[in-house]
Amino acid sequence: MATIEEALEIERLERDIFRGASTKTQLPRTFGGQVAGQALVSAVRTVEERFQVHSLHGYFLRPGNPDQPTVYLVERIRDGRSFCTRRVTGVQDGAAIFTMSASFHIGDEGPEHQDEMPAVQAPDDLPDASITMSPERLWAMREWEHWDIRTVPHEQVARRDGAVSQQQVWFRYRHPLPDDPLFHVCTLAYMSDMTLLGSSKVTHPDEQTQNASLDHAMWFLRPFRADEWLLYDQSSPSAGFGRALTGGKIFNLRGEMVAAVVQEGLIRTLRE
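Residues numbered from 1 in each chain as written. Predicted model: local features only at pLDDT ≥ 70, side-chain atom pairs only at ≥ 80, totals over all residues. Heavy atoms only, no water.

Inclusion rule: UniProt positions are given in the numbering used here, feature names are shortened, and annotations may be inferred rather than shown by experiment.
Under an unreviewed UniProt entry, the name given to the protein chain is Acyl-CoA thioesterase, and the organism recorded is Nocardia vulneris. Here the protein chain is described in UniProt, under the heading Sequence similarities (unreviewed entry), as follows: "Belongs to the C/M/P thioester hydrolase family."

Set out below in structure tokens:
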């Protein structure tokens, strides 16, 4: 399967027009994280190096064809002294499949605080999912064979009062990545779409549903490396009408909260 460098590869066609690579996949439609990651890389290519991504908000409009490349059209919405904003539209066959707004900030000084990282089992004490996963789900691990993903057992999840559906996942890229901080941000944008919607199914494990990401928002809070262990502390506070709201806080091993994610997804009961 494709490495993250291959999955995020884009080609500049014009000043603000890019083409994302089509990579080998087992999936029937383009993985949403790849579309979001390529769109973010396209936006990054249009801003000065002193700006860093601090947030993105995207909508998945149509399923992408994994056998075709996606073209990304970047609009320069604003270039300010401290912030700049880009809007990106991903297009296949003349139709938009994804749209995203991304905001960049040069960084300032101010008050600091963060929620505490939950007390969870260390990743090295959990088995590698590629070794322990059941045969019927092993194909999913082949799709992301370059990622080490370890889910905290359901009975060992650090529970919060009133939280109805929780899931905690450790993950890291298996191979050393470039030192460029923006590459790690784009890598996390790719990874953040993986497993999050699954937090909505924790309390409905046997219900057969059609699942798909509908929208995706991220905030990048502190520096991190995607090739080091990160904890994805996920929850789904609400589900209904065929949709589920999910969210996640991402921590590094030092307990620093490095990113936050909110996503609404389709979890429609399968029709006969």
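1. As for the UniProt feature "domain: Acyl-CoA thioesterase-like N-terminal HotDog" (unreviewed entry) in the protein chain
The condition is simple: Starting at the N terminus, helices and strands are each numbered in turn, a helix being any DSSP run of H or I of at least four residues and a strand any DSSP run of E of at least two.
Here the UniProt-annotated "domain: Acyl-CoA thioesterase-like N-terminal HotDog" (unreviewed entry) positions come out as residues 29-105. As annotated, residues 29-105 comprises 17% helix and 52% strand, and the C-alpha atoms at either end are separated by 33 Å.

2. A few points about the pattern of salt bridges
Formally: Whenever a carboxyl oxygen of Asp or Glu lies within 4 Å of a side-chain nitrogen of Lys or Arg, that contact is scored as a salt bridge. Relative accessibility decides the category of a residue: with a 1.4 Å probe and only protein chains considered, values under 20% of the type maximum give buried, values over 50% give exposed, and everything between is partly exposed.
Applying the stated rule across the entire model yields 16 salt bridges. The salt bridge involving Glu11 is made with Arg19; its shortest N-O contact spans 2.8 Å. Among the residues examined, Glu11 registers a relative accessible area of 40% and is labelled partly exposed. Residue classification places Arg19 among the partly exposed residues on the basis of a relative accessible area of 32%. A salt bridge links Arg225 to Asp227, with the nearest nitrogen and oxygen atoms 2.9 Å apart. The exposure class of Arg225 is partly exposed, given its relative accessible area of 24%. Here the salt bridges do not stand alone but share partners, grouping Asp128, Asp148, Arg150, Arg172 and Arg174 into one network.

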